[in-house]
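Okay, here's what each chain looks like letter by letter:
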Amino acid sequence: MKLCIHRGTKEIGGTCVEVEAQGKRLILDVGLPLDAPDDENVQKTLVPDISGFSAPDDNLLGVVISHSHVDHYGLARHIPQKIPVWIGQAAHTVLTAASRYAPNDYAVTDPHFLIGDIPVEIGPFRITPYRVDHSAFDAYALLIEADGKRVFYSGDFRGHGRTAKRFEMMVARPPSGIDVLLMEGTSIGRVETDGRVETENDLENQFIHAFKKTKGLHFVWTSSQNIDRLVTIFRAAKRTGRLFLIDLYTAVVLQATGRDTIPQSSWSDVRLYIPYRQRVFIKKRRLFDDLDRHKVNRVYPKDLPSLAGQAVMLFRPLLMSDNGIQESLHGAALTYSMWKGYLDQDRSVKVLEWLDNHGISWTPLHTSGHASVADLRKFASALAPRSLVPIHSFEPDRFKDYFDHVMCYDDGEWWRV
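Overview of the structure. (Residues numbered from 1 in each chain as written. Predicted model: local features only at pLDDT ≥ 70, side-chain atom pairs only at ≥ 80, totals over all residues. Heavy atoms only, no water.)

**Comments concerning the sheet that holds strand S12 (residues 218–221)**
Then comes step 1: Ordered in space as S15-S14-S13-S16-S12-S17-S18, the seven strands form an open sheet in which the pairing is parallel. Taken across any chain shown, the strands that pair with only one partner, and hence form the sheet edges, are strand S15 (298–299) and strand S18 (361–364).
Then comes step 2: Relative to strand S16 (residues 311–315), strand S13 (residues 243–246) is paired through three bridges, and the arrangement is parallel. Counted as the bridge partner of Leu243 is Ala311 from S16. (Pairing = 2+ DSSP bridges. Helix = DSSP H or I, 4+ residues; strand = E, 2+ residues; numbered from the N terminus.)

Laid out in structure tokens, this is it:
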């Protein structure tokens, strides 16, 4: 078996790995780089130069997507649709639902599905997916077996989310005989080595404190696809007697999870508010079926002033041009709950200016979707690979400070397992 990391040996995001055995090949992830411009034509040029992507090649058996973050699947829409794709079923359902509100974001129409712990045979490859704790819903690590070799691709994972038991189970009962561990190292060089990482439960308590001290409407700016975080916010809102206000896009994503333990628009503690720009979008795209499914607890601009002091509203930048909330901003506050790097983007700068112009104070409150250095060390120690290859990290040279048997490669470099 041979491996090549086409992108990811020295950067976070844009991950793409090629595996070859007996002349047949599989691709693990086909991600969009985090620094890619918002230009469709430019993004097409970022597709790795892999035989089968630009012209048919029967030796390319397919693409396996580890999870539903754009830096792992974002270039999938630029590869031929005839190439088979494997992805978690719930991840596919969520991305398909979300794509109705983010055109051109996801274009895999008929994938094969990964199911936790159930191996799938693809040519000479045997792939076993393992569910992992991550900020993406339905995320997997992958065990790839071929030619008598065993390669474990960690994907993105953590050990401090709402499904941390998955990390604990992996460390307690890891697969054995791993020849190569491709392990993400997002946190290396970015967080303190031995510092404690806050859990979602920690965040829940901090949100409770923030909501209690806010007199008016409390906005939370986070991703509608970070299901763990939405659960955290909902629980904190409920514990402080506040309603959780979401837009239609978020309602559709939450329903697509298929989990009745995850907040839904029909719950008594949840309300649906549709900003003006989203109403225009719904009409333009004729998404009336979505609206019909989620309108049972809908509130309107006239309702907001009386609800403001007892509500938490999921913030999206399109709210800035929504006149419906203008009468409900007195005493408002905002919590920013995403990676701080996004604050440097032009869109975020405009939001911060809007907050300042309206006298709305804001504070950051976030925890990473990636494993701490301490948990990375537990993970690597448990799997005990013959060699550990850094991926998804800006600091691959620092892996040797924390792990044994580290082997570093460059983007585009092939090596034999």
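**Focus: the nonpolar core**
Then comes step 1: With 37 residues, the main nonpolar core has Phe207, Phe211, Ile227, Ile233, Phe244, Leu248 and Val312 as its most contacted residues.
Then comes step 2: Of all elements in the fold, only helix H3 (89–99), helix H5 (200–212), helix H6 (227–239), S13, helix H7 (248–256), strand S14 (270–273) and S16 reach the threshold of two or more residues within this core.
Then comes step 3: Setting aside residues up to four positions removed in sequence, Ile227 forms contacts with Ser135, Phe137, Val253, Leu254, Thr257 and Ile262.
Then comes step 4: Of all hydrophobic cores here, the second largest spans 27 residues; its members include Ile127, Val151, Val389 and Ile391. (Core = buried A, V, L, I, M, F, W, Y, C linked by side-chain atoms within 4.5 Å. Buried < 20%, exposed > 50% of the residue type's maximum accessible area, 1.4 Å probe, protein only. Contact = heavy atoms within 4.5 Å.)

**A look at the side chain of His160**
Then comes step 1: Inspection of the secondary structure assignment puts His160 in the loop between strand S10 (149–153) and helix H4 (164–172).
Then comes step 2: Ignoring anything within four residues of it in the chain, the contact list for His160 reads Asp133, Val197, Glu198, Thr199, Glu200, Thr367, Ser368 and His370.

**Notes on the side chain of Arg158**
Then comes step 1: Inspection of the secondary structure assignment puts Arg158 in the loop between S10 and H4.
Then comes step 2: Residue Arg158 is classed as buried on the basis of its relative accessible area of 0%.
Then comes step 3: Discounting chain neighbours no more than four positions away, the residues touching Arg158 are Asp133, His134, Ser135, Phe167, Glu200, Asp228, Arg229, Thr367, Ser368, Gly369, His370 and Ala371.

**Regarding the sheet that holds strand S11 (residues 180–184)**
Then comes step 1: Read from one edge to the other, the open sheet built from six strands follows the order S7-S8-S9-S10-S11-S19, with strand pairing classed as mixed. One side of each edge strand has no neighbouring strand; the edge strands of this open sheet are strand S7 (120–122) and strand S19 (387–391). The sheet shows a mean angle of 25° between the axes of neighbouring strands, direction not considered.
Then comes step 2: Taken together, the five bridges between S11 and S19 define a ladder with parallel strand orientation. Of the residues in S19, the one forming a bridge with Leu181 is Leu388.
Then comes step 3: The strands touched by helix H12 (residues 373–383) within the sheet are S10, S11 and S19, with S11 carrying the most contacts at an inclination of about 170°. (Axes fitted to C-alpha atoms, helices over the stretch in contact; angles between N-to-C directions.)

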